[in-house]
Amino acid sequence: MPATKQVIVIGAGLAGLAAATRLTQAGVDVRVLERAGKPGGRVATDHVEGFRLDRGFQVLLPAYPEFRRLVRPARLGLRGFTRGALVREDGGMRLLAGPWHGPGAVRGVARMVGQRPGDVFALARLSVRDAALPASALGRGGDHTVAEELRGRFSAETVETVLRPFVAGVFLDPDLMTSARLFHLIWRSFVLGGAAVPELGMQTLPQLLADRLPPGTVETGQEVAGLGDHDVRLTSGETVSADAVVVATDGTTAARLLPEIEPPAWHAVTTWYYRVARPPCSAPTLALDGTGALPINSLVLSQAAPTYAPPGASLVQASVPGVADSAGDLEPRVRERLAVLYATDTRGWDLLATYPIEHALPVLPPGTPLRRPVRVRRGRYVCGDHRDTPSIQGALVSGRRAAQALLADLL
Ligand SMILES: Cc1cc2nc3c(=O)[nH]c(=O)nc-3n(C[C@H](O)[C@H](O)[C@H](O)COP(=O)(O)OP(=O)(O)OC[C@H]3O[C@@H](n4cnc5c(N)ncnc54)[C@H](O)[C@@H]3O)c2cc1C
């Protein structure tokens, strides 16, 4: 590409950073204009009273193929969670995990084998199938909702108490109306690599990608107001000339900047973070509550990554998908359910922060192609998790795809 060509990427979330990475590797000079004060977009970590609080509980699946293509996992100091879950049932808590996790797991699985052996077999079959098949095969074929997929494979009891709260937490969709094809792809990554957080917070991932770009590539505090034929207008009034533009914002903003793009619908979530003196659970195990009205998932994050809490304290997260509880009305109910879930008194737990997030994940209904076009026309491209799967994997891969489309046009 001639050195005079000016390429602008709008947005330094994972998609924009992945696009800039690919373009830079191809020798293209890129400016990344980012509205916020730091790169990362929806992957951000706040520092509050010695705690690391991710802006909404989220996890990295180390088996994501695009993550592995871009980053050596060892660079992030990943801290894994238990491969399994603590599940609330009417008779109490049950640990569903491999027997090597101790007597609790042996008892939990043995009880499940005794009560619903078909479900144990179905779970093993699902996991072996999704891990063995190539990702491309899982993304093809007919599609329906996750609810239909799970009901076709498992008993109603297992769906309600185990799978619904788990899947609701992953897709932020308690009604399970998400595409079953997406479910199989994400399940595959869980089976192959489990879930983890970087020891210094989720933001380490976008920061690592930004730090690898040539110095000065990411320009923060630059909000784009609109696109002209050969330029980009900033809200500051400044105009930046551009031969090619990659719109790497969230889907709603992308639709405002590019009339060709349909705005996505969104799933919401609220995460509450608590400071506790003693961890209510000794392992980094996701605790799920499918018995109450709120499909809560909770985890003692500092049991996975002790660096998430200052010495002598523990950090508990609780998330309820599907609602962005800005008024804080839900918190007392969540605290009450956490007391039941962990069989402990939660009245003294210190609420550190609440993150109500209205636009957390784009909705992906059944039948939606898992890869949507990233080339709008010559010189204009779009990426972000609304173009691919709503996930870290989807954002990263969409960025590479948009960069490749640009390079194919302009090189
Ligand atoms: C609470 C929560 C939990 C999640 N959990 C998981 C999980 O466990 N696993 C998983 O894989 N994924 C999870 N995700 C999804 C994942 O974080 C996103 O899919 C991904 O980060 C999206 O990246 P993106 O680059 O497409 O968009 P964004 O992160 O939204 O980036 C867009 C960027 O564009 C910037 N921007 C917007 N408008 C403008 C403008 N006008 N001018 C300049 N810049 C602009 C924004 O500031 C932002 O930096 C979760 C998301 C949330 C919010």
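Residues numbered from 1 in each chain as written. Predicted model: local features only at pLDDT ≥ 70, side-chain atom pairs only at ≥ 80, totals over all residues. Heavy atoms only, no water.

1. Focus: the overall build of the protein chain
- A tally of regular secondary structure across the protein chain gives 13 helices and 20 strands.
- What you see for the protein chain is a C-alpha radius of gyration of 22 Å, in line with the 22 Å of a compact globule of 411 residues.
- Counting only C-alpha atoms and orienting by the principal axes, one finds that the protein chain spans roughly 70 × 50 × 40 Å.
- Look at the contacts in the protein chain between residues 6 or more apart in sequence, and 71% of them connect residues 24 or more apart. (Helix = DSSP H or I, 4+ residues; strand = E, 2+ residues; numbered from the N terminus. Rg over C-alpha atoms; globule rule 2.2 N^0.38 Å. Contact = heavy atoms within 4.5 Å.)

2. Observations regarding the UniProt feature "domain: Amine oxidase" (unreviewed entry) in the protein chain
- Following the UniProt record, the feature "domain: Amine oxidase" (unreviewed entry) maps to residues 14–407 here.
- Helix makes up 35% of residues 14–407 and strand 24%. Its end C-alpha atoms lie 19 Å apart. (UniProt positions renumbered as here; feature names shortened; annotations may be inferred.)

3. Digging into the site of the ligand
- In the region of the ligand, 34 residues are neighbours, and Glu34, Arg42, Tyr64, Asp385 and Ile392 sit closest.
- Backbone polar atom of Gly41 to an oxygen atom of the ligand: 3.4 Å apart, as the coordinates give it.
- At a separation of 2.6 Å, an oxygen atom of the ligand approaches a polar side-chain atom of Tyr64.
- Taken by itself the ligand offers 1000 Å² of open surface, and the protein chains cover 95% of this.
- Going through the elements one at a time, α1 (14–25), β18 (350–362) and α13 (392–410) are the ones with two or more residues in the shell around the ligand.
- Among the residues making up the shell around the ligand, the classes are represented as 16 nonpolar, eleven polar and seven charged.
- Shared between two domains, the shell around the ligand takes at least three residues from each, and those domains are domain 1 (7–42 + 204–264 + 367–410) and domain 2 (53–198 + 267–362). (Near = heavy atom within 4 Å. Polar contact = N/O pair within 3.5 Å; in protein donor to acceptor, adjacent residues only side chain to side chain. Areas by Shrake-Rupley, 256 points an atom, 1.4 Å probe, with all protein chains shown as cover. Nonpolar A, V, L, I, M, F, W, Y, C, P; charged D, E, K, R; others polar. Domains from an automatic or database assignment.)

4. Quick word on the domain arrangement of the protein chain
- Its domain assignment divides the protein chain into domain 1 (7–42 + 204–264 + 367–410) and domain 2 (53–198 + 267–362).
- Distance between the C-alpha centres of domain 1 and domain 2: 30 Å.
- The interface is formed by 25 residues belonging to domain 1 together with 24 residues belonging to domain 2.
- Summed over both partners, the interface of domain 1 with domain 2 buries about 2100 Å², with 65% contributed by carbon and sulfur atoms.
- As a salt-bridge pair, Arg400 and Glu66 come within 2.6 Å of each other at their nearest N and O atoms.
- Taken together, the connections running from domain 1 to domain 2 amount to seven residue pairs in polar contact (both at pLDDT 80 or more). (Buried area = accessible area lost by both parts, 1.4 Å probe. Salt bridge = Lys/Arg side-chain N within 4 Å of Asp/Glu carboxyl O.)

5. Section: the pattern of salt bridges
- Enumeration according to the criterion identifies 21 salt bridges in this entry.
- Across the pair Asp388 and Arg371 runs a salt bridge whose closest N-O atoms are separated by 3.4 Å. Separated by 17 residues along the polypeptide, Asp388 in the loop between β20 (380–382) and α13 and Arg371 in the loop between β18 and β19 (375–377) bring together distant segments of the chain.
- Here Asp388 falls in the buried class, since its relative accessible area comes to 3%.
- On the basis of relative accessible area, Arg371 is assigned to the partly exposed category, the value being 48%.
- Between Asp409 and Arg375 there is a salt bridge, with the nearest N and O atoms lying 2.7 Å from each other. Highlighted residues: Asp409 in helix α13 and Arg375 in strand β19, separated in sequence by 34 residues.
- The exposure class assigned to Asp409 is buried, which follows from its relative accessible area of 17%.
- Sharing partners across several salt bridges, the network here consists of Glu49, Arg275 and Asp350. (Buried < 20%, exposed > 50% of the residue type's maximum accessible area, 1.4 Å probe, protein only.)

6. Things to note about unusual backbone geometry
- The backbone of Glu49 sits at a positive phi, close to 50°, despite the residue not being glycine.
- You can see Glu49 is positioned in the loop between β3 (45–48) and β4 (51–54).
- In this model, Leu172 sits at a positive phi of 60°, which is unusual for a non-glycine residue.
- Judged by its relative accessible area of 10%, Leu172 is buried.

7. A look at the sheet that holds strand β6 (residues 84–89)
- With mixed pairing, seven strands are arranged side by side in an open sheet as β7-β6-β15-β16-β17-β14-β18. Strands at the two margins of the open sheet, each flanked by one partner only, are β7 (92–97) and β18. If you compare each strand with its neighbour and ignore which way they point, the axes differ by 20° on average.
- Pairing of β6 with β7 involves six bridges; the strand directions are antiparallel. Bridged to Leu86 within β7 is Leu95.
- Relative to the sheet, helix α7 (residues 156–171) contacts β6, β7, β14 (266–276), β15 (286–289), β16 (296–300), β17 (314–321) and β18, its axis offset from that of β15 by approximately 115°. (Pairing = 2+ DSSP bridges. Axes fitted to C-alpha atoms, helices over the stretch in contact; angles between N-to-C directions.)

8. Points about the sheet that holds strand β1 (residues 7–10)
- Spatial strand order, β9-β2-β1-β13-β20-β19: six strands in an open sheet with mixed pairing. Taken across any chain shown, the strands that pair with only one partner, and hence form the sheet edges, are β9 (218–219) and β19.
- Bridging between β1 and strand β2 (residues 30–33) involves four bridges; their strand directions are parallel. If you follow Val9 over to β2, its bridge partner there is Val32.

9. With respect to the packing of α7 against helix α8 (residues 180–193)
- Packing of α7 against α8 leaves a shortest axis separation of 12 Å and a crossing angle of 95°. One finds that α7 runs roughly perpendicular with respect to α8. Every residue of α8 that contacts α7 at Leu163, Phe166, Val167, Val170 and Phe171 is listed here: Leu182, Phe183, Ile186, Trp187 and Phe190. (Parallel < 35°, antiparallel > 145°, perpendicular 65-115°, else oblique.)

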